[in-house]
Amino acid sequence: MFFKSKQHADKLDKKLITKLDKIYHTSYDGVVKALREINRVLKDKGEAFISFNTKDNPHYVKEKTVDGYTMIATEGHEAGIPHCYVDENDLFGLLQDFEILSMNKEINYVRKGKETHGVHFYVHVAKK
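Quick look at the structure, then.

Quick look at the nonpolar core now. If you look at the biggest cluster of nonpolar residues, it comprises 20 residues, and the most contacted ones within it are L35, I38, I50, F52, V86, L91 and L95. The set of elements that each furnish at least two residues to this core consists of α2 (28–41), β2 (47–54), β4 (82–86), α3 (88–94) and β6 (114–127). The biggest single contributor to this core is α2, with five residues. For L95, the residues in contact, after removing those within four places along its chain, are L35, F52, I100, V123 and V125.

The element β2 is largely enclosed, with a buried count of six among its eight residues. As paired elements, β2 and β4 share two bridges and run parallel to each other. Paired with T54 across the bridge in β4 is V86.

The element β4 is largely enclosed, with a buried count of four among its five residues. One ladder, built from three bridges, connects strand β3 (residues 70–72) with β4; its direction is antiparallel. Following the sheet pairing, M71 is matched in β4 by H83.

Basis of the calculations
- Residues numbered from 1 in each chain as written.
- Predicted model: local features only at pLDDT ≥ 70, side-chain atom pairs only at ≥ 80, totals over all residues.
- Heavy atoms only, no water.
- Core = buried A, V, L, I, M, F, W, Y, C linked by side-chain atoms within 4.5 Å.
- Buried < 20%, exposed > 50% of the residue type's maximum accessible area, 1.4 Å probe, protein only.
- Helix = DSSP H or I, 4+ residues; strand = E, 2+ residues; numbered from the N terminus.
- Contact = heavy atoms within 4.5 Å.
- Pairing = 2+ DSSP bridges.

So this is what it looks like as structure tokens:
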């Protein structure tokens, strides 16, 4: 659960939740659970901005996944951290309980002054 308690979540203004960059640091099942929780706490027509790793990401190697979607980083500052990767069709399934307002795919980004390569979906959704 993203919140300290259900009571804490229920006290929030559920119109907007911004959750970028971390929803994919779990397994595919973890992403499904996170999306259910986001949908639960959003008010009707509430909006969320969510990022997902894409299977076009150069770090994704299907043969190294534990479930076809999830890889566990083995080195660097993210060693031991799961990363879930999806494609566009996966996203439509994952987001079926939301209205997709926009979906963008971003290739290449710079972090901490050093160019790194990544491919992500940035999705803006609303609760149906």
